[in-house]
Structure formats: C-alpha cells, structure tokens
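# Results of the structural survey
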Amino acid sequence: MLRFSVQVWMLWLLYAGTLSDEDISACKQQPCQNGGLCESHNGGFRCLCSQQRQKGRLDGGENCTTALSGCDDNQCENGGICSALYPDQHTCICLAGFTGPRCQSPTLFSLESRGFMYIETRLLDPEVPLNVTFSFRNARPVGTLLQRRVGDLLLSLELMDGRLSLRSLRGQGSSTLVQELPELLSNNKWHTAEASLGGGVSFIRLLCTEGSCIRDSSAEVQLLEQASALPEPGTVRQSLFIGAIGGNWGSGRGAEDADYPPSFLGCFRDVFVDSHLVLPAILPDDSNVQENITVGCSDKDKCDDSPCQNRGRCVSRGWRNYMCECHRPYEGNNCADEYITARFGEKDLESFAVFSLDDDPNDTVTISMFIRTRQSSGLLLILANSTSQYLCLWLEEGGVKVQVNNFETLAGQGAVSDGHFHLVTLKLEGMVAMLFQSAHKRGSMPIRPIQTHPGDLVFVGGLPDSRDTASFGGYFKGCVQDLRITSKRLHFYPIATPVGSYSLEQLVNVSQGCSSDDACAVNPCLNGGVCYSMWDDFICNCPPNTAGQSCEEVKWCERSPCPDTAVCQHRSQGFECLSNVTFRVESSILRYRSNGKIQSSLSSVSLSFRTRQSRQATLMHAQRGSHYLTVSLLNAHVVMALQSGAGKDFRKATVQSKGPISDGEWHTVELSMENQTLPSSRWILAVDGGREEQGMSKTAAGNLDFLREGADIFLGGLSLDTGVNLTGCLGPVEIGGLPLPFYLNTDLNLPRPQEEQFAMIKADDEPRYGCWGVSVCAPNPCNNDGVCEDMFDLHHCTCPSEWTGTICQDLTDTCISGPCIYGNCIQLHEGFKCVCEPGYGGIQYEAEVDMCENSKCRQGASCLKGFNSYACLCPQNLTGEYCEENIPEIPWYIETNPLPPLPVSTCTGTRWKYNCFNGGNCSEADDSCYCLTGFMAQWCEKDVDECASDPCLNGGFCLNYVNRFKCVCDMDHSGIHCQLDVSDFYLYLVLGLWQNLFQLVSYLVLRLDDEPEVEWVVFIND
C-alpha cells in the first residue's frame, strides 16, 4: 500500500511539473508591457496593468499597451479615486460617506442636538422584517439611534452605557431588552451595524469597526425616496425614524419624561434601508420630515464660531455641543433673549407692580435687579405679608437704602441716580445683610432673620396707597430689568426662553421698554437756548454770553457793559462794575438810595479802604429818621455806631477795631450780626477777613432793614452839607450783599438787570475813579541821589550805600552791619577796612586761611599749621627752617648714645587740635606748648642746636645732645672744648707701657726655669 502511494505522488509531481513548465512558458515571452505584471490564467496568461502612470499615461488592454484616457480629467470628487476603464471610460471609487458616479453626494449626516429623520416605509410589507445597515460614530454613552414602529410595537436601537442594544415596547407596557452587543462603541470611531426589525424576530449585529471595514464600491446603489411629509400619528401602520422623536410618535410618553432615552448625538453614514441608500437632504424650514439634521460630520468645536451673543461665554460640552453662560440681563441657549425692561413713572404717572411668592426662598434671600433712574428718591421694592412690610428698598439722596424688619437700616455708599443702568443686589444670609452695587460691596449690617412665606407680596416701584409711598420718597421713576428673588425671576413681561417666575398679580402704569420722557416738551431752555432731549433729562445749547443748565445765567460781563475805568463782576441776576474812588477835600460826597424793590434782609456791611488819615474821618453814613449807621475812623481805628430796631429792640451798639489800620495799605472791614435770625443781636467787626482779633459790640442792636426804602446813604462824609472829611480811597462797598455802585446807569453800556439795587444819585462833580495819592515824589525829596518811592500819601527814600536817613542826609556807618567777620572794622569815607584776626583772609576776612597750603617744607617734612605762620617738622637727617639742610654725618669711629624718642602730646586748641612734640605739654594760651629744656618753637618741634656756636676747639668734632653738647678731640688735645695740648703726655705713656710689658715677660721666663723637669717617654707597641 505504501509503495502504491509513493508511486501515485511521483506521478502527480511529474504531471504538475509539466503543467508548471507550460504555464511558465506562456509568460516567458514577457507579453505585458509598460510595467504590467504577467500571471498564468486558464492555461494562458493575464496582464495586471500598472495603476501608476508610465510616461505620463495609464495603459490597459491585453498586453498593457493601449492608452487609457478615462481618468485624464479625474472628475471624482470628495477624495474619490478614479479607476480608468478600457478604452476611455472610468469609474470612481468613493470614500466612505460619499456616493454617486463622481462621489458627489454625501451620505454623511449628523445629529448635533435632539432630532430625527423620518423614513417612509409604508410601501413595504409590514410583516416582513426591515433590514437597516448603517455606520455611526459618537462619544456619548447613551442615545437613541433608530425607532421602528409596527402597529403598537416600538423597536428602539439604543446606546446604553456605550453598548448597542435593541429594546422593544408594546403599547403602554414597560420596555424590554431584546439584545445587547458586548462591545463598547462610544469611542468616537466609526462602527458599522446591521439591524433586522420586524414584528416577529428582530436582531442586531456589529459588522465591522473603523480600520477593519471593507467597502464594496462595485455594487450599484439604489436610493431611497425622500418622504414628502411626516404623517400624523396613527395614520400609518409602520414607521421608521433615525434618531429619537417624542410625543405620540415615540413610546407614547412626552419628551420631557425622565424615562425617555436621551437623543443620539453623533454622525451617521451609508444608511441602507432594505438595500436602499438614505441620503440627507436640505429641506425647507417648514418641512417636518426631519429636525436638526446637519449634512456632513464635523469635529469642529462649536465654540470656535462664537455662538453666544451679548458677551456670553461659550463652554464646550462634548462633541458639537456647548453651553452659553450668559451675562445678565440675557438668557437663552445663545444668550439672545434679553429680559424686557419695565418703565415706571412714564410721564410722571404713579406706577407699580405686585407679585406674589409661591414658595419659600429658603434661609438665604438674594434680591437683585438692574435699575436706571435720574431721580434721587423713590420706592424700589417692598416685601410684605399680611401684618408688616418686613423688607424695604428705596432711593434716598441718590443712593440705595435698606430697612429690614422695620428696624435695621443700611445706607449704601455711592449714587445710582446718574441715568445709567446699575445692578443692585441685596443678600440676606442668616443674621447679616449685605448690599452690592455692580458686584462692589457697599455696606453690611447685622439683622434679625426674615421669614418669607408663600403668599407674601412683592411691591415694585410703589404701593397702591400714594401716602404710604410718599414715606419712601414717592413713586419710582425709571426702569427696572431682570428682577430676581434668589433663583426665581419676577417677569413684568415674558420672554421666549422659558424660565421660572413668580406670579404677576398687578401691573399699573408700567410700560414695556425703557423709553424717556420728552424733557424738552416744556421748553426748559431760557434766553434763546436750544433744548436737546436725553434720557429723562435735557441739555441746553446756550447762545453766546449765557450759561447754566437752562441758560438761565447770562454772562453779562462778556457783553462789556462797564466803562474802561471799571472791571465787570458777575453778580446774581446781573453784574456790577467795580472800581476804586479817591476822596480829597475838594471831592464830592457820594449819595445813594434804594430803588424801593429790596426785599432781602440787610444784616451785614462790607467795605474796603486805604488811607493814612488817623484823625476822625467818615467812611459811610446812612440814616432814616432816628435810625442810623456810621462807619468812621477815629485815632486810626475803625468805629461802627448803629442805632436801629423797633419797639423794645430799638437799641444802640458800637464796636471798634483792635489795632490801628491807617497805614496806607488796603484793608477790608466786615460788619455782621452775630445771630441774623433774631430781630436784634450783637454786631461783629472783622478786619481783613478776621486775621486780626475780632471786635464785638457789648450791646445788641437791630438789623439794617431801615435802609431798604427812604434812607440816605453817604460815602466819604456825614452829609452833603458837611462835605468830605475823608482823605484816601474807597473800594467796593456792600450792604446786605448789595453793592453801592460808583457809576450811574447812564455811565454804563448796559443797564444793571438785577431787581434789588442801591442807586447812586448824580452829584455836581463826577467821582475820581481809581486810587490816587498826593504827589509826594515831585520834586524829589531825597538827597544825595536817593530814589523816591510813592507809598500813598507818604514817600520813602532808597539811599546809596554810603548815605542813610529819611531823606539820605546822613553818612552811612559802614561798620554798623559788622562786615568784618573775623576782625575789627574801621570806617573810612569810601567804605570800611578790616583789621583781621590771625589765620583769616578774604574781602571781609570771613575765610580761614590754611597756612600750610603753600608751605616750603621739603619733601619728607611735615607742615605744622598755625594761625599766622607754619613750621616744618624735619626728619632726623635734615635741619633748617624748611628742613632744607642736611645734618653732617658723624664719622664712623665716633661713638654716639642716641636718646629714645620723646612722647607727643595731642592738645585741643581754640580752632583745631594740635600736637606738642619732644615731650612738650599743652599750653592754655595761643595754641602753643610748654617745651622741655633743649627744645624750642611753638610746638617744641625744634631741637636747640648746642653745636651751632662751634664750641669744640683744635679740630674737635661736636655732638649735639638734648640741652648739651660733647666734643670729640683728636690725639693731641683734650678737655671739654679740646682746649688742652697733650702731645708729650702720650709719649711718656707709651714708654711706660712698654717697660711694664718687658718686666712681665721676664718674670714669666724665670718662673718657668724653677719648675721640676718632666721626662716625656713614648711607648711603641710592636
């Protein structure tokens, strides 16, 4: 048997080899050209032509020699691959998600929010299972992909915890899990699944996952016809939805039901219903066939498109999902809805709104709203129950004020009545109340906790009773927007976005929006001003020479009403021409009377004057009957005498200034009642604004109302008959703030418009305007070329330096000013001369001289500074005044005994510290020293040279020591001064020395002969 098998295998191998040789022989001829590959095929060969262009073209045919031109234009779209066909045809191999001859039709569509697509299946047999093949991609672990309804049976293809499951629901029963795939599919990858959905058996299966799917692009695709309209529920027996639809179309439960599965958010592609391809379509807005279906599948973050309006912040929430965090007062998915503003007090109507609470806002109550107003007072909000108003917010002086439990009151810092929107927030947390304005804390206070209950009322803008509202500043006039109590709104008017709101019970004269009253309707601009309306306000464009909010202020001075000798001053309701008036003996008294229209109370007098007159002079006198007022000068003091009043208050008062003021300078005097509200009071006199001590009358007197009509007022004298007794000048004079003018109305370019006036009565002579003194410098009273200066009725001579006196008549004592700082001054005719103290120099000997600055001390010597001179401290090898001489060297054979260095003392002098050298001690006088014997000079720096007189005779060498000397003599001389000749003495001395030496040697020889004889034996060892 084994041998038979071996023979069979050998025969088979021989047969196969023969066939292989035949196949190989078919491709030996290399029939395939242009890069084509040859392979055996059915006893012959087949050429696999290259899909890469050879020499700029594609080739096909039996031997790859025929040019294929079908892909020259490459008409495939969306990344499709063109495949050329023989000879000039082509086909497009489409990428997943596209179809069509040119891959021009996308099969991709996405659900970026809850939506659906209705697939019409009523033409199919409802009893036959419906086959759906589709690819999907998402990242959410839950969502409904398909809903298939057959009669009362609902089949749902859902993602639950990332796994694909099939659930069924019949009628109003509970949902049943039919099948669940084990794979986790919510991983943002493409997955292809197949579902068979029928009335009998249904199942699902996963076909492939991204990276493992093979797409058959050769099969011809049939398209599913788009449904024309969504039928009404119950009108069709079967239906199919991609995505989830709520209401009666789904499970019979509402879309808001908590058990309803969430919608699928992701992408679909290549959806086939019974082998028919479903293509997404862009339908009109009124079509109900699909909802929130977007063609394509984008991974772009929707926040990149800035969908949030009105400065809302976009927050990404997964694939193609986002949330807008809206700033108040905006709301909605894209912050597009703005809370409608409520206008209160339009056209000054009494308006308010009433809301009722339907829940308990809990322990922390937060009330916030936007308000806009130009009204400084008015009621904002009140929380009230049946017994009390336990929380009140209102405006007072432009700021927000809060009262809690009718007791604790908090006033916020900062005004909100500027016509702009302000966010006002009141937070009641436990036992603390905090007030905020535009997120800035404006105050806090401890409180007793408040209790809110359902049924409590919220009053906004006012109360039904106007008298109760008046206690809070009246009805609010302005706008309120986005009013909230904790998390709930108080809607005056609803918005499109559904939000929770307390119930609106009453709305009285509250309009929608934030319109403005026409403030220009009453034409508030005066003097020809043009009115422009602003929000609840107006602005006037005033003509030239007018000012004020309503152009009520006329700029009279810009119209040049005054003559050249006066300066225009703006006054209330008019102007005044200010000037000074000079009074001399030949001048006329100025007389005044009221114009009869003065209604103001007159309780003060002010005037300014300039004089050198010290004797009695009248500045002002006014009288009517027994009432009078006199302001005069007496002994250079200002004196006021007043007699006024009525009935029991008719009294006389006098007051006098403290110091003299007749010095030729300008002075201001102000007289006023101590208490202007009383009919009589003491009077106060203040000079120059009260810089000096004020004077006060001892008795009280009445005011000056007697001058309002029928009284004569005089300046410069007591009356026309007495004439002028003032020599000097008067400046502006006012009684009760009303000026006494120095000009007639006929002297002005424009008459004074003010109603209350004192009028000047024309005199024979015109006043002398300006302040002119007597000519005191002509002729020049100053002698010796002195310069005269006019000091108003007094002259002052500025003398040359060598002259003095009132008229430069005396020679100047040039030394009186002490010009010599360190020295004595001697007066000379042409000036002065300084005899200076030692050590100082300069023009006035004010500078200390450094005597060592230009010293002649040689290098190595130290300069010692004195007052008038200096000294040089020499090194040991130098001497002389400037250490310029070398000390002779001592011969080598002369022995010296140098002394140890002597101590140096440091002393405190009159101007600086100094040293005493060579053991000297400090002296108390003249910055000098007490020197040891043998030393000299101011600081003992000089050693007295005892050898300077050459005391050594006969060529002796002199050695200088402290306070002594020593002579070193030669061989022939001796003595203190080497004065002795000792040449023979030395001869005898030498002979004697030799004699003594000879005797000594002889003695030693004799002694040696007397000693015993010693034998010296030398042993030698053999």
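Here the residue numbers are simple positions, counted from 1 along each chain's written sequence. Only residues with pLDDT of at least 70 are given local features in this predicted model, and only at 80 or more are side-chain atom pairs given and counted; all residues enter the totals for whole chains, interfaces and linings. Side-chain descriptors were evaluated using all non-hydrogen atoms of the structure, hydrogens and water having been removed beforehand.

Attention shifts here to the overall build of the protein. Across its full length, the protein carries three helices and 83 strands. The C-alpha radius of gyration of the protein comes to 64 Å, more than 25% above the 31 Å expected for a compact globule of 1022 residues. In terms of principal-axis extent, the alpha carbons of the protein reach across some 180 × 170 × 70 Å. Sorting the 1022 residues of the protein into buried and exposed places 40% on the buried side. Contact between two residues is taken to exist if any of their heavy atoms lie within 4.5 Å; hydrogens are not considered. Residue pairs in contact within the protein that sit at least 24 positions apart in sequence constitute 53% of those at least 6 positions apart. With the model as given, the accessible surface of the protein reaches about 57,200 Å², and the carbon-plus-sulfur share is 51%. Here a strand is any run of E in DSSP of at least two residues, a helix any run of H or I of at least four, and the numbering for each starts at the N terminus. We take the radius of gyration over the C-alpha atoms and set the globule estimate at 2.2 Å times the residue count to the 0.38 power. Exposure classes here rest on a 1.4 Å probe applied to the protein chains alone. A residue is buried below 20% of its type maximum, exposed above 50%, and partly exposed in between. Working definition of accessibility: Shrake-Rupley area with a 1.4 Å probe, residue cover restricted to the visible protein chains.

Before going further, it helps to spend a moment on the nonpolar core. With 57 residues, the main nonpolar core has M620, L704, L715 and I735 as its most contacted residues. Looking at this core element by element, the count peaks at four residues for strand β50 (residues 617-624). Other than its neighbours up to four places away in sequence, I735 contacts L602, S604, V605, M620, L704, L707, I713, L740 and F758. In this text, buried Ala, Val, Leu, Ile, Met, Phe, Trp, Tyr and Cys residues form a nonpolar core when linked through side-chain atoms within 4.5 Å.

Let us now look at the pattern of salt bridges. Close approach of charged atoms allows side chains of opposite charge to pair. Here, a salt bridge means any side-chain nitrogen of Lys or Arg that lies within 4 Å of a carboxyl oxygen of Asp or Glu. Evaluation of the coordinates by the stated rule reveals 29 salt bridges. E734 is the partner of R571 in a salt bridge, and the nearest nitrogen-oxygen pair spans 2.8 Å. Of this pair, R571 sits in strand β45 (residues 567-571) while E734 sits in strand β58 (residues 728-735); the two residues are 163 residues apart in sequence, bridging distant segments of the chain. Note on R571: relative accessible area 15%, which makes it buried. Shared partners join several salt bridges into a network, and the residues in it are R343, D348, K477, D517 and D536.

All right, on to the packing of aromatic side chains then. Each pair of aromatic rings taken from Phe, Tyr and Trp, with Trp reduced to its six-membered ring, is defined by centres within 6.5 Å and is described as stacked if the planes are under 30 degrees apart, edge-to-face if over 60, and tilted in the remaining cases. The full count for this structure, using the stated rule, is 14 aromatic pairs. Measuring from ring centre to ring centre gives 5.0 Å for F264 and F268, while their planes differ by 50°; the resulting arrangement is tilted. As far as burial versus exposure is concerned, F264 and F268 are alike and both buried. Look at W394 and F472: their rings are 5.3 Å apart centre to centre, the planes differ by 65°, and that puts the pair in the edge-to-face class. Of this pair, W394 sits in strand β30 (residues 389-396) while F472 sits in the loop between α2 (466-470) and β37 (478-485); the two residues are 78 residues apart in sequence, bridging distant segments of the chain.

Along the chain, C577 falls in strand β46 (residues 574-578). You can call C577 buried: its relative accessible area is 3%. Separated by 164 residues in sequence, C577 and P741 have C-alpha atoms that sit 7.3 Å apart. Residues in contact with C577, not counting those within four places in the same chain, are C562, P563, A566, V567, Y743 and L748.

Turning next to unusual backbone geometry. For residues besides glycine, phi is generally negative; the peptide bonds are generally trans as well. In this structure, P329 follows R328 across a cis peptide bond, with omega equal to 10°. Considering the arrangement of structural elements, one finds P329 in the loop between β23 (322-325) and β24 (330-331). With an omega of 0°, the peptide bond running from A778 to P779 counts as cis. Look at N78: it is not a glycine, yet its phi comes out positive at around 55°. Residue D950 is not a glycine yet carries a positive backbone phi of 50°.

This part takes up the confidence of the model for the protein. pLDDT measures the predictor's confidence residue by residue and takes values from 0 up to 100. On average, residues of the protein carry a pLDDT of 85, and 91% of them reach 70 or more. Predicted confidence is poor over residues 1-23, with pLDDT under 50, and the contacts of this stretch with residues over four places away or in other chains come to two contacts. In this model, residues 250-259 is a region of pLDDT below 50 whose contacts with residues beyond four sequence positions or in other chains number 19 contacts.

Two strands qualify as a pair provided DSSP detects at least 2 bridges between them. With antiparallel pairing, the seven strands of this open sheet are ordered in space as β53-β52-β51-β50-β57-β48-β60. For this open sheet the edge positions go to β53 (651-656) and β60 (758-761), each flanked by a neighbour on one side alone. Taking the axes of each pair of neighbouring strands and ignoring which way they run, one obtains an average angle of 15° across the sheet. Fitted lines through C-alpha atoms serve as axes, helices being fitted only where they are in contact, and the angles separating the N-to-C directions of these axes extend from 0 to 180 degrees.

Residue placement: L490 occurs in the loop between β38 (488-489) and β39 (503-508). Distance in space between the C-alpha atoms of L490 and V460 is 10.0 Å, their sequence separation being 30 residues. Non-local contacts of L490, meaning those with residues more than four positions away in its chain, are made with F355, V458, L483, R484, I485, S501 and Y502.

With respect to the element layout, D813 can be found in the loop between β65 (810-811) and β66 (823-828). Separated by 10 residues in the primary sequence, D813 and W803 place their C-alpha atoms 8.5 Å from one another.

Glancing now at the side chain of S202. Looking at the element boundaries, S202 is found in the loop between β15 (191-197) and β16 (203-209). Residue S202 is classed as buried on the basis of its relative accessible area of 13%. Here a polar contact means two N or O atoms within 3.5 Å. Within protein one must be a hydrogen donor candidate and the other an acceptor candidate, and residues neighboring in sequence count only if both atoms are side-chain atoms. In this structure the side chain of S202 is engaged in a polar contact, spanning 3.0 Å, whose partner is the backbone nitrogen of G198. Non-local contacts of S202, meaning those with residues more than four positions away in its chain, are made with L155, L166, V178, S196 and L197.

Our next topic: the sheet that holds strand β29 (residues 378-384). In spatial order, the strands read β32-β31-β30-β29-β36-β27-β39; together these seven strands make up an open sheet with antiparallel pairing. The strands lining the two open edges of the sheet, one partner per strand, are β32 (408-411) and β39. Averaged over all adjacent pairs, the angle separating strand axes in this sheet is 10°, with direction ignored. Sheet analysis places strand β27 (residues 352-356) next to strand β36 (residues 457-460), joined by four bridges and oriented antiparallel. Paired with S356 across the two strands is L457, which belongs to β36.

This next bit is on the pairing of strand β31 (residues 399-404). In terms of residue burial, β31 counts as a mostly covered element, since six of its six residues are buried. Burial along β31 is two-sided: G399, K401 and Q403 facing one way and V400, V402 and V404 facing the other are all buried. Where β30 meets β31, six bridges bridge the pair, whose relative direction is antiparallel. Following the sheet pairing, C392 is matched in β31 by Q403. Two successive antiparallel strands, β30 and β31, enclose a turn made up of two residues, where E397 displays a positive phi of approximately 55°. Pairing between β31 and β32: four bridges, direction antiparallel. Bridge assignment links V404 to a residue of β32, and that residue is E408.

As a further point, take the side chain of T469. Looking at where T469 falls in the secondary structure, it is placed in helix α2. Sequence-distant contacts of T469, defined by excluding residues within four places in its chain, comprise L379, G462, L463, G474 and Y475.

Only residues whose relative accessible area exceeds 30% and that form no salt bridge enter a patch; like-charged residues are grouped when within 9 Å of one another, and nonpolar side chains (Val, Leu, Ile, Met, Phe, Trp, Tyr) when within 5 Å. On the surface, a nonpolar cluster with roughly 800 Å² of combined accessible area is contributed by V990, W994, L997, L1000, V1001, Y1003, L1004 and V1005. Relative to the elements of secondary structure, V1001 occurs in helix α3 (residues 983-1009). You can call V1001 partly exposed: its relative accessible area is 47%.

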